[in-house]
Every structure is written in C-alpha cells, then in structure tokens.
Amino acid sequence: MRGDHPLASKGRIAAADLKAFPLASPAVGGIDVNQMLHDSSGKPVQWQGHFVCEDIGALKTIAMESAAVLMLSDLALERELQGGELLRINPDDIEQNWSITLAVAFLAGRRPSPAAVQVVQQIKHILLSFGTVSAASEVV
C-alpha cells in the first residue's frame, strides 16, 4: 500500500481491516483472490473491489494514487519499497504459506541454447538466494 495509506499508521493489521479497500493485482491464474486469501479461521477476505491488470506500472500507479491494496511480489516493488513510497503489510491473521511452482520446458530431442541455460541458472541462483527452492526441487 502507499506510504500514506489510511492503514499505514495502524499498528497491527488484520484481514478485516483490508475489507474496506479495493485490491489491485495481476490475474492469479484464473483464481478468485477472495478464495485464495483466508484469515486464520479459514474465512475468505472479501475485498471492496478487485482491479485486475497485467501492467505492473499501471498497478503501481493505482496503488500510489488510491487507497487500493496492491498484491505483487516484493521483487516487482523493490525500488518503491526501499524508497518508502509503498509499504509492505503482513496482516496478522492471513496465512501466507503460498508456494509457487516454476517450470521450464524444452522441445523433445532439442537441447537448450546457451542463453536459455544461463537464464535457468540465473533463476536458480535467485531462488536459492531467497531460500525458496525446497530440497526436493529439481533445478537444472
């Protein structure tokens, strides 16, 4: 949320606090975010509205110019978070045990180009640095 958002001065934030504000996010694989975000009792968070857009810049603008709560990865917002323009919130009662599966596919019988191998290695390096790759994961 933006640095001067109405919730910014609130000490602890709960799922119920978020219900008064719209959500701005990219599409989440056809999943209704109201079904994805649950409080600790298992009750879905019901937002005032949900603006869906694939343009990250547009989503940032919406968050900066409104009271919308932005749902994006920290990586997409790194500069704004470091500069204090946007604040990261962690509602106390929303479970945040989400996992993401990434896969890279190659055509059968074809070997990846050297550039593709470098991209996969860079992704591996980034994921390992965040501790997000489980021991059971197979990474090229």
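Everything that follows concerns the structure shown earlier in this document.
### Comments concerning the pattern of salt bridges
Counted according to the given criterion, the structure contains 4 salt bridges. Notably, a salt bridge pairs Asp4 with Arg2, separated by 2.5 Å at the nearest N-O pair. Overall, Asp4 belongs to the exposed group, its relative accessible area being 57%. The partner of Lys10 in a salt bridge is Asp17, with the nearest N and O atoms 3.4 Å apart. By sharing partners, the salt bridges in this structure join Lys60, Arg79 and Glu80 into a single network.

### Brief notes about the sheet that holds strand E2 (residues 50–52)
The 3 strands lie next to each other as E2-E1-E3, forming an open sheet whose pairing is parallel. Each of the sheet's edge strands pairs with one partner strand only, and the pair in question is E2 and strand E3 (69–70). As paired strands, strand E1 (residues 23–25) and E2 are joined by 3 bridges and run parallel to one another. Counterpart to Leu23 in the pairing with E2 is His50.

### Structural notes on the side chain of Ser25
Along the chain, the position of Ser25 falls in strand E1. Judged by relative accessible area, which is 0%, Ser25 ranks as buried. Within polar-contact distance, the side chain of Ser25 engages the side chain of His50 at 2.7 Å. Not counting residues within four places of it along the chain, the set of residues in contact with Ser25 comprises His50, Phe51, Val52, Cys53, Leu59 and Met71.

### Considerations on the nonpolar core
In terms of nonpolar packing, the biggest core is built from 12 residues, these being Met1, Leu7, Ile13, Ala15, Leu18, Phe21, Leu23, Val45, Trp47, Val69, Met71 and Ile89. If we skip the residues at most four places from it in the chain, Val69 touches His5, Leu18, Phe21, Pro22, Leu23, Ala24, Trp47 and Ile89. Counting residues in each nonpolar core, the second largest holds 9 residues, with Cys53, Leu59, Leu72 and Leu86 among its members.

### Structural notes on helix H3 (residues 56–65)
Taken together, the buried positions of H3 are Leu59, Lys60 and Ala63. The buried residues of H3 occupy one face: seen down the axis, they fall within an arc of 100°. Packing partners of the buried residues in H3 comprise E1, E2, E3 and helix H4 (78–83). The backbone nitrogen of Gly57 has a side-chain oxygen 2.9 Å away, supplied by the residue at the start of H3, namely Asp55.

### Description of the side chain of His5
Mapped onto the secondary structure, His5 falls in the segment before helix H1 (15–18). Assessed through its relative accessible area of 2%, His5 is described here as buried. One polar contact links the side chain of His5 to the main-chain amide nitrogen of Leu7, over a distance of 3.0 Å. When sequence neighbours within four positions are dropped, the list of residues in contact with His5 reads Phe21, Ala67, Ala68 and Val69.

Conventions and cut-offs
Residues numbered from 1 in each chain as written. Predicted model: local features only at pLDDT ≥ 70, side-chain atom pairs only at ≥ 80, totals over all residues. Heavy atoms only, no water. Salt bridge = Lys/Arg side-chain N within 4 Å of Asp/Glu carboxyl O. Buried < 20%, exposed > 50% of the residue type's maximum accessible area, 1.4 Å probe, protein only. Pairing = 2+ DSSP bridges. Helix = DSSP H or I, 4+ residues; strand = E, 2+ residues; numbered from the N terminus. Polar contact = N/O pair within 3.5 Å; in protein donor to acceptor, adjacent residues only side chain to side chain. Contact = heavy atoms within 4.5 Å. Core = buried A, V, L, I, M, F, W, Y, C linked by side-chain atoms within 4.5 Å. Arc of directions from axis to C-beta.

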